[in-house]
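# What the coordinates show
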Amino acid sequence: MLKELLGSLFKKPYTIKYPFSKEEVPLPKGFRGKLTVDYNKCIGCGMCARICPAEAIEMVPHGEKKRKPKFYLSRCTYCLFCADVCPVKAISPSDEYEMADYDKYSSDLVLEPPPVEEAPAEQVKEGEKK
Amino acid sequence: MDNILWILFQALVFPGALFLILLAFFYDWFDRKIVARMQNRVGPLVAGRIGILQPFYDFVKLVAKEDITPAAAVRPLFTTMPVMAVAIAVFSILFVPMLSHEALLHFEGDMVLVMTLNTFFSIIVFMAGWAAMGRFGSVGAERAATQLMGYEIPEFISAFSVCLLAGSLSITAVNNAQAQVGIPFILLQPLGFVVFLVSLQAELEKVPFDIPEAKTEIVGGWLAEYSGKKLAFFKLAEELRVVFGAALMATLFFGGNHGPLLPPIAWFLIKTTIAVFIISTFRAVAARFRIDQVLKGGWKWLTPLALLQVLITYLVFLVVG
Amino acid sequence: MSAHNIFDLIVGPQHPMLKEPERFVFKVEGEYVVDVEPRIGYAHRGIEKAAENRTFLQILPLVERVCGICSNSHTLCYTLALDELLDLEVPPRAQYIRTLVAELERIHSHMLCLGVMGHEMGFDSLFMYMWRDREIVMDLLELISGNRVNYAMNIPGGVRRDLNSETMDKIRKGLEILEKRNKYYKKVFSEDPTVLKRCADVGVLKESVAKSLNAVGPTARASNYKTDVRKDDPYVAYDEMDFQMIVYDTCDVYARNLVRVDEIIEAINICKQVLDKLPQGDYKVKVPPFPKPPEKEVISRVEALRGELIYYVKADGKSIKPYRVKIRTPTLLNIMPFCEMVKGNYIADIPVVLESIDPCFCCEDRLAFVDVRTGKRWVWSLEQIRYLAEKGRLERG
């Protein structure tokens, strides 16, 4: 192996100096990173919560009649069964992989449905009535 | 009075203990960087500009850690071995000429004393492993003592065959004889150089001969039970031994600190760095031997080759006159 | 040989030579190993019990995480069991893609094992080089599945993702580089003098002992025992591939290393054939997310990376959760041959021999029953498990 070892002295090291140069890390398309959810598409069927093997999805009430999923990413195994089973394809993986945190339930690691918007609709109704 | 102060300065600061400790750190960084580059990776990178402060940071970290003495250990031996190891390592380097063409300490026959100090160091390793009274410590100590029987005699003989050429048993005399003759002794005694290189690798306990401290087999062997300041001193002693081995190789075979244009200390550093490079390459290119293979190889190959070298030198002297 | 010279060298749950926790007590005399007592079970996590509380598809990620290195073998075996349980007709394109991922996993795992073998020998340069080249395989697997380990590609009825032609080109390029590098490593493992000194005639497992203790995988094939599930009982697309079973007959660590290197080269060969012959068509059939199979029990087996892996799945026809999932992993069978191989060798040979059986202790979750009153220990056989399962069902009504 001597020739190979001495030859490597003159080549660039294979190491990617990760925290100092992040752009060298190659990520393919379809990489299983942090989940992103498009809550506008979600119809609240609850299939993702039923199929999740790690029980990381909880259906929480949203407004008066609907339910939306809440994702606890600290339990997620990134199997993407929820993405496969969703009928409207609202869940998809992103490119983000730096998710270390001190708190399991911090806001980075829990995906909540956005708050319900009711006030503008009420005001218009009041104006119309008057 | 003046003279004594100058001698003390030379012994303790430059080129004595402080300089040698800094040199040991530098050569540790150099060895790690060279081996890492050969393995296509980066090596120390973050400490200091190119990782050059890494060995110093390691030393400071170890000194700051908790120092645990096992309850069953033999306390007097356990606590004094690290200090004695560093002391012997520094003391043996003072016999090698560095700043001038004469070493700080020299007398006729100091080669024998230096070789005896080498044996003392191996005995310190044995006592350190035994004093820890642990399972792995005793296996490591026994392996160190067994390995001593394999490499020590070829090392003595190959070093003494160089002294035959120089006509004197003093390292300083060997240093100056190469300048008088004009040829470094590696060209006159290549066989002796190879034997010396292999037995030096075994003495410094580097792969392929790092059997007493085999991490994957006996969890660190004789070093296993040491922690904190004692471990820091042992690691410093090991690094100083690398400096000593490389300096000895440079002085005996590469021509010492003689050379055109530059001051002797510069030539000493250049040649010692080349010797460290050779030792590091040898470390990267081989797997670890087994203890029985070291003994068999030592007595079947190294000792006969060393004796052959002595015989050839003697015959050449007879012929040439 | 006096008895009081024997002392215990405990290679305990934590040791630098072990990558996973197990406890071996070696009885050592001087530098010779005289006897060894293994104690397994440190990595038992209760996966089989957890599988009883999950639906059939939810068990897939659970079973994948039995082991990190051979995760695809576990999902493949379980998926084959489910295919038979649910009576599904898997399209040929899916079978080929399953073969491709299984062989890529074999390449990555054998390179890992050989690199760690180099590290245990003290040859760190070989370890660094093999793991550097293993990155090529990991990148290819990431390209196909999105993840470097735990690929989650197998699902009953097919595979989760398809291959497009751009991915196939990159795989071909990667395989070219891998083939060149592995031929070089084959030369290192068979000709480098220091490697030979550590590996030749070390850890000898005679053929008769291998057969009587039922060694599996490369450990058996290096002792001239011809057993390979891919040839004996072909699954996915192996019956349409042209490859050889690698068998050596020197029965030592050197032979096991060479079996693994040759299997890497054969695996590259199989991957190239898969890419050339990949049929068009669907890559999966539709499967309901909560299937309810009829009452049936299925055994499936694959050639996992270390040997033969068996899954037993029993459905009772009334619920969406299985009645029992039983896993028998290959390293469990290789531990007794290890105990035979290591006797008479030096302490220095212990890590080399242990790594040569490619231990994957996290797979070994077997339960042993101990009767505290009589001190009797036993494990259940297949007939006894079936009898107990029937008895339990009848008792529950």
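Residues numbered from 1 in each chain as written. Chains lettered and ligands numbered in written order. Predicted model: local features only at pLDDT ≥ 70, side-chain atom pairs only at ≥ 80, totals over all residues.

### Describing the overall build of chain A
From N to C terminus, chain A includes 4 helices and 5 strands. Helices and strands appear in chain A in the N-to-C order α-β-α-β-β-α-β-β-α. In terms of overall size, chain A is more extended than a compact globule, its C-alpha atoms giving a radius of gyration of 23 Å where 130 residues would be expected to give roughly 14 Å. For chain A, the proportion of its 130 residues judged to be buried stands at 15%. Look at the contacts in chain A between residues 6 or more apart in sequence, and 65% of them connect residues 24 or more apart. (Helix = DSSP H or I, 4+ residues; strand = E, 2+ residues; numbered from the N terminus. Rg over C-alpha atoms; globule rule 2.2 N^0.38 Å. Buried ≥ 20, exposed ≤ 12 C-beta atoms within 10 Å, placed from the backbone. Contact = placed C-beta atoms within 7 Å.)

### Looking at the overall build of chain C
Each helix and strand counted, chain C has 14 helices and 10 strands in total. Against the 2.2 N^0.38 benchmark of 21 Å for 397 residues, chain C shows a C-alpha radius of gyration of 22 Å, consistent with a compact globule. Across its three principal axes, chain C shows a C-alpha extent of roughly 65 × 60 × 35 Å. Burial statistics for chain C: of 397 residues in total, 46% are counted as buried. A separation threshold of at least 6 residues defines the contact pool for chain C, and within that pool the share at least 24 residues apart is 70%.

### Structural notes on the nonpolar core
In terms of nonpolar packing, the biggest core is built from 223 residues, with B:Ala85, B:Leu240, B:Val243, B:Ala246, B:Met249 and C:Val353 touching the most fellow members. Among the elements that line this core, the one with the most residues is helix α11 (residues 229-253) of chain B, at 17 residues. (Core = buried A, V, L, I, M, F, W, Y, C linked by C-beta atoms within 7 Å.)

### Examining the sheet that holds strand β2 (residues 57-62) of chain A
All names here are of chain A. The antiparallel open sheet is built from 3 strands, whose spatial order is β2-β3-β5. The open sheet has two free edges, formed respectively by β2 and β5 (110-111), since each of these has just one partner strand. Here 2 bridges tie strand β3 (residues 66-72) to β5, and the two strands are oriented antiparallel to one another. Each residue of the ladder has a partner; that of tyrosine 72, found in β5, is valine 110. (Pairing = 2+ DSSP bridges.)

### Quick notes on the interface of chain B and chain C
Each partner contributes residues to the interface: chain B has 23 residues there, and chain C has 23 residues. Mapped onto the side of chain B that touches chain C, the elements with two or more residues apiece are α6 (135-166), α10 (215-218) and α13 (291-320) of chain B. Counting residues per element, the side of chain B that touches chain C draws most heavily on α10(B), at 3 residues. The residue makeup of the side of chain B that touches chain C, split by class, is 12 nonpolar, 4 polar and 7 charged. (Nonpolar A, V, L, I, M, F, W, Y, C, P; charged D, E, K, R; others polar.)

### A short note on unusual backbone geometry
That bond from B:Val207 to B:Pro208 is cis: its omega, 5°, falls within 30 degrees of zero. When you line up the elements, B:Pro208 lands in the loop between α9 (190-203) and α10. In this structure, C:Ala152 is a non-glycine residue whose phi angle is positive, near 50°. Residue placement: C:Ala152 occurs in the loop between α5 (124-145) and β4 (154-155). Given 23 C-beta atoms within 10 Å, C:Ala152 falls into the buried group. One non-glycine residue, C:Cys251, lies in positive phi territory at about 60°. When you line up the elements, C:Cys251 lands in the loop between α10 (229-232) and α11 (253-277).

### Things to note about the sheet that holds strand β1 (residues 7-11) of chain C
Residues and elements named next belong to chain C. As summarised here, the arrangement of the 3 strands in space is β1-β2-β3, forming an open sheet in which the pairing is antiparallel. For this open sheet the edge positions go to β1 and β3 (32-39), each flanked by a neighbour on one side alone. Ignoring strand direction, the axes of neighbouring strands in this sheet form an average angle of 25°. Sheet topology note: the strand β2 (residues 23-29)/β3 ladder contains 7 bridges and is antiparallel. Bridge assignment links valine 28 to a residue of β3, and that residue is valine 33. (Axes fitted to C-alpha atoms, helices over the stretch in contact; angles between N-to-C directions.)

### Some words on the environment of B:Ala202
Positionally, B:Ala202 belongs in helix α9. With residues near it in sequence (within four places) discarded, B:Ala202 still touches B:Gln147, B:Gly150, B:Tyr151, B:Phe209 and B:Val294.

### A closer look at the interface of chain B and chain A
By convention, interface size is frequently given as the accessible area that disappears when the constituent parts associate. Every contact between the two is made by 8 residues of chain B and, on the other side, 9 residues of chain A. Here the residues of the side of chain B that touches chain A sort into 4 nonpolar, 2 polar and 2 charged.

### Let's talk about the pairing of β2(C)
Judged by which residues are buried, β2(C) turns out to be one-sided: C:Phe24, C:Phe26 and C:Val28 face inward and are buried, whereas C:Arg23, C:Val25, C:Lys27 and C:Glu29, on the alternate face, are not. Hairpin connection from β2(C) to β3(C): 2 residues lie between these consecutive antiparallel strands, with C:Gly30 at a positive phi of about 70°.

### Structural notes on the pairing of strand β6 (residues 295-304) of chain C
All names here are of chain C. The pairing of β6 with strand β7 (residues 307-316) spans 10 bridges and is antiparallel. From the neighbouring strand, valine 302 faces β7, where its bridge partner is leucine 309. The antiparallel pairing of β6 with β7 creates a hairpin that spans 2 residues between the two strands.

### Some words on the confidence of the model for chain C
Residues and elements named next belong to chain C. Model confidence for chain C is summarised by a mean pLDDT of 87, while 92% of its residues fall at 70 or above. The lowest-confidence element of chain C is strand β9 (residues 369-371), averaging 55 in pLDDT; the highest-confidence one is α11, averaging 94. For this predicted complex, the interface score ipTM comes out at 0.88, alongside a pTM of 0.89. (pLDDT = per-residue confidence, 0-100.)

### Quick look at α5(C)
The end-to-end C-alpha distance of α5(C) is 31 Å, a good match for the 32 Å that 22 residues give at a rise of 1.5 Å each. When α5(C) is considered as a whole, its buried residues turn out to be C:Ser125, C:Leu126, C:Met128, C:Tyr129, C:Met130, C:Trp131, C:Arg134, C:Val137, C:Leu140, C:Leu141, C:Ile144 and C:Ser145. Tucked inside the fold, the buried residues of α5(C) contact α1 (2-8) of chain A, α2 (17-38) and α12 (264-284) of chain B together with α4 (92-121) and α6 (165-191) of chain C. In the segment just after α5(C), C:Gly146 is the residue with positive phi, at about 95°. (Expected span 1.5 Å × (residues − 1).)

### Looking at the environment of C:Thr329
All names here are of chain C. Tracing the backbone shows threonine 329 in the loop between β8 (324-328) and α12 (330-341). Placed 34 residues apart in sequence, threonine 329 and cysteine 363 show a C-alpha to C-alpha distance of 6.0 Å. For threonine 329, the residues in contact, after removing those within four places along its chain, are Leu309, Cys363 and Glu364.

### Details of the confidence of the model for chain A
Averaged over every residue, the pLDDT of chain A is 84; the share at 70 or more is 90%. Taken as a whole, residues 121-130 of chain A scores under 50 in pLDDT and shows 0 contacts with residues more than four places along the chain or in a different chain.

### Description of the packing of α6(B) against α9(B)
Residue and element names in this part refer to chain B. Contact geometry for α6 and α9: axes closest at 8 Å, N-to-C directions at 140°. Both α6 and α9 take part in a crossing whose hand is left-handed. Taken together, the residues of α9 that come into contact with α6 (itself represented by Gln147, Gly150, Tyr151, Pro154, Glu155, Ser158, Ala159, Ser161 and Val162) are Gly192, Val195, Phe196, Ser199, Leu200, Ala202 and Glu203. Split into classes, the residues belonging to the contact of α6 with α9 amount to 8 nonpolar, 6 polar and 2 charged. (Left-handed = near helix turned anticlockwise from the far one by under 90°.)

### Details of the packing of helix α5 (residues 110-131) of chain B against α6(B)
Residue and element names in this part refer to chain B. Look at α5 against α6: their axes get within 8 Å of each other, and the N-to-C directions meet at 175°. Relative to α6, the element α5 lies roughly antiparallel. Together, Met111, Met115, Thr119, Ser122, Val125, Phe126, Gly129 and Trp130 of α5 and Gly137, Ser138, Gly140, Ala141, Ala144, Ala145, Leu148, Glu152, Phe156, Ala159 and Cys163 of α6 make up the contact between the two elements. Split by residue class, the contact of α5 with α6 holds 12 nonpolar, 6 polar and 1 charged. (Parallel < 35°, antiparallel > 145°, perpendicular 65-115°, else oblique.)

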